[in-house]
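# Observations on chain architecture
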Amino acid sequence: MSHDLDFRTELRPGDRDAVREIVASTGFFRPEEIDVAVELVDERLARGPASGYHFVFAELDGETAGYACYGPIACTLSSYDLYWIAVRQAARGRGIGRRILQQTESRVRAAGGTRLYIETSGRADYASTQAFYLRCGYRLEATLADFYAPGDDRLTYVRALPETGEV
């Protein structure tokens, strides 16, 4: 497992291609979903922090290995959504996703966030993703049957973030 990850939060124009490549490499997402991931980068590049989208990028040996996109949930006082978290297929299995999630949680907490919500598919091919969230301390809060498509439930995970200390 590599421990030489560098994290950054500032977007660069090249990040739109990196995000597209990372998300596509996972094999989980349809083309229109990949386009949405890139649109969030575009929105942040165009509007800055006012977009409500925040990013954490993990770089390994000068290459963007993974990223997360998160933001505050409108009309809540301190709840945040994790919109995307993905690690380049070739870099999976090294603990990079966990470290990106920890970085994201720390930043959410620093911004006054107290809870982080994550939505994912209930399909069997997402079992590793579901297990990842459970291993990281999230609990399954809700299931919405047939949300994404017939037979494709939406699972919502949540974690209360500690007030102090390491997340």
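Placed above this text is the structure.
Residues numbered from 1 in each chain as written. Predicted model: local features only at pLDDT ≥ 70, side-chain atom pairs only at ≥ 80, totals over all residues. Heavy atoms only, no water.

### What about the overall build of the protein?
Secondary structure assignment for the protein yields four helices and seven strands. In the protein, the succession of α and β elements from N to C terminus is β-α-α-β-β-β-α-β-α-β-β. Computed over the C-alpha atoms, the radius of gyration of the protein is 15 Å, within 12% of the 15 Å expected from 2.2 N^0.38 for a compact globule of 167 residues. Counting only C-alpha atoms and orienting by the principal axes, one finds that the protein spans roughly 40 × 35 × 35 Å. (Helix = DSSP H or I, 4+ residues; strand = E, 2+ residues; numbered from the N terminus. Rg over C-alpha atoms; globule rule 2.2 N^0.38 Å.)

### Re the sheet that holds strand β3 (residues 63–72)
Strands in a sheet are paired, the pairing made by backbone hydrogen bonds, and the direction either parallel or antiparallel. The seven strands are arranged β1-β2-β3-β4-β5-β7-β6 in an open sheet whose pairing can be described as mixed. Either end of the sheet is taken by a strand with one partner, and the two such strands are β1 (5–8) and β6 (139–149). Averaged over neighbouring strand pairs, the angle between their axes works out to 25° when direction is ignored. Of the pairings in the sheet, the one linking strand β2 (residues 54–60) to β3 comprises seven bridges and is antiparallel in character. (Pairing = 2+ DSSP bridges. Axes fitted to C-alpha atoms, helices over the stretch in contact; angles between N-to-C directions.)

### Let's talk about the pattern of salt bridges
Scanning the entire structure with this criterion turns up 15 salt bridges. Across the salt bridge formed by E21 and R88, the nearest N and O atoms sit 3.7 Å from each other. In this pair, E21 sits in helix α1 (residues 15–25) while R88 sits in the loop between β4 (79–87) and α3 (96–110), placing the two residues 67 residues apart along the sequence. Judged by its relative accessible area of 46%, E21 falls in the partly exposed class. Of the charged contacts, one joins R30 and E33 as a salt bridge, the two residues approaching to 3.8 Å between their closest N and O atoms. (Salt bridge = Lys/Arg side-chain N within 4 Å of Asp/Glu carboxyl O. Buried < 20%, exposed > 50% of the residue type's maximum accessible area, 1.4 Å probe, protein only.)

### Concerning the packing of aromatic side chains
Applying the stated criterion across every chain, the model contains twelve aromatic pairs. Relative to F57, the ring of F55 lies with its centre 5.7 Å away and its plane at 10°, an arrangement referred to as stacked. For the pair shown, F55 and F57 are each scored as buried. Ring centres of F55 and Y67 lie 6.2 Å apart, and the angle between their planes is 20°; on these two criteria the pair is classed as stacked. (Phe/Tyr/Trp six-rings, centres within 6.5 Å; stacked < 30°, edge-to-face > 60°.)

### Remarks on the environment of A46
For A46, the position within the fold is in helix α2 (residues 31–47). Overall, the relative accessible area of 65% leaves A46 in the exposed class. A sequence separation of 35 residues divides A46 from L11, and the C-alpha atoms of the two residues are 11 Å apart.

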